[in-house]
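These are the residues of each chain, in order.
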Amino acid sequence: MALSRKRKLFLKKVISLFSVIRGYNIPIIILAQYLSAIFILAPEKRAIAILLDFNLFLLVFASAITIASGYIINNFYDSQKDLINRPNKSMLDRLVRQSTKLKVYFALNFVAALLALWASWQAFLFFSAYIFMIWFYSHKIKKYPVVGNLTAAIMAVIPFFAILLHYYNNLSFEEIENYKGHFAVIFAHASFLFLLLLIREMIKDLENLKGDLVNNYQTIPIRYGEVVSKKIITALIIVTIIPVYVLIDVYDVGYMDIYFYSCFIILILFSLYLWSASSKAQYLLLHNVLKFLIVAGVFCIVLINPTVLWNGKKLLLLI
């Protein structure tokens, strides 16, 4: 049965909104938070207890909804720039009116705040600050070099701290001392992710150079040149050695060391290709490599302790 014109338009608008909120990223974000909780943030707890933790469920979905709303407000302020940098995606995104995007943005933020408040008043304050930070970044900060890149990378890591606080906000100073080694592992994981995200943000600046220049964005390649930008990216790649060393040689991350060794090799090849790259297509390829490393990292978290999956499978078979 053929769809009517009205239904076709509605379907296109749904797809457009899905594109604006980058709906394909949301399941990955949810999965990353749950896997991080099970294998990194609270490994002493049983996986089934984490999966059935209702307050954690509220925090995870509040994070996902807040990030989705962040994509909307970012799209709202970047609409002119994206016409140049991403013309095909921009045309799809424009099927939904700006006023509709804002309505969905406020609705999502309201739901996220409500979920956080249901979890705890501390979570409500945390997400209120996070929502404001995303808006302020999209409205002002992202136009400035260095601080814009740092803020974007920090905001991508922040949702994981909501889960960390969920498990450890009631610890005394004495108990914190006992968890020092565990917190060092968490910090090393967070540092590695932060560095990958920061490199990705800087690659995006090189990729979006034309649109940023037209719209007066003062990014690092515009203010200081592409060579300086490439030097900073190379330096950041070198710095990733520190958290990788800590995770592989100082602490035990199980079979996930395979992922870190692979990342190290890929990042070496990445840096070599970076210095020969000059076109948007080449920078897009580098951007996609970083996306792959970040997403692969999410799925490779299970390599820290694969027996958790095996035990979970046996439990499901018993049910």
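Residues numbered from 1 in each chain as written. Predicted model: local features only at pLDDT ≥ 70, side-chain atom pairs only at ≥ 80, totals over all residues. Heavy atoms only, no water.

J.: Describe the confidence of the model for the chain, and please don't skip the residues or the numbers.
T.: On average, residues of the chain score 86 in pLDDT, and 92% of them reach the 70 mark or higher. The least confident element of the chain is helix α18 (residues 307-318), whose mean pLDDT is 54; the most confident is helix α14 (residues 226-239), at 95. Note that residues 315-319 has pLDDT below 50 and, in this model, zero contacts with residues that lie over four places away or in other chains. (pLDDT = per-residue confidence, 0-100. Helix = DSSP H or I, 4+ residues; strand = E, 2+ residues; numbered from the N terminus. Contact = heavy atoms within 4.5 Å.)

J.: For unusual backbone geometry, give the residues involved together with the corresponding values.
T.: Here the phi dihedral of Arg 22 falls at roughly 50°; this positive angle occurs in a residue that is not glycine. Counting through the fold element by element, Arg 22 comes out in the loop between α1 (5-20) and α2 (26-41). Even without glycine at this site, Val 146 takes up a positive phi of about 65°. Take Val 146: it is sitting in the loop between α8 (121-139) and α9 (147-168). Residue Val 146 is classed as partly exposed on the basis of its relative accessible area, which comes to 42%. (Buried < 20%, exposed > 50% of the residue type's maximum accessible area, 1.4 Å probe, protein only.)

J.: Could you give an account of the packing of aromatic side chains, naming the residues involved and the relevant values?
T.: Under the definition given, this model contains 13 aromatic pairs. An angle of 45° between the planes, with centres 4.6 Å apart, marks the rings of Phe 57 and Phe 61 as tilted. Highlighted residues: Phe 57 and Phe 61, both in helix α4 (residues 54-77), separated by four residues, approximately one helical turn. Its relative accessible area of 34% is what places Phe 57 among the partly exposed residues. Each member of the aromatic cluster is reached from another via a ring pair, and the members are Phe 54, Phe 57, Phe 61 and Trp 118. (Phe/Tyr/Trp six-rings, centres within 6.5 Å; stacked < 30°, edge-to-face > 60°.)

J.: So what's going on with the pattern of salt bridges? Which residues, and what values?
T.: Once their charged atoms are close, side chains differing in charge can pair, the charge on each being opposite to the other. For the structure shown, the criterion picks out two salt bridges. Notably, a salt bridge pairs Asp 78 with Lys 142, separated by 2.4 Å at the nearest N-O pair. Taken together, the positions of Asp 78 in the loop between α4 and α5 (79-85) and Lys 142 in the loop between α8 and α9 put the pair 64 residues apart, joining distant regions of the chain. No difference in accessibility class separates Asp 78 from Lys 142, as the two residues are buried. When the shortest N-O distance is used, the salt bridge between Lys 204 and Glu 201 registers 3.5 Å. Within this pair, Lys 204 and its partner Glu 201 are both found in helix α11 (residues 180-207), separated by three residues, close to a single helical turn. Like Glu 201, Lys 204 is buried. (Salt bridge = Lys/Arg side-chain N within 4 Å of Asp/Glu carboxyl O.)

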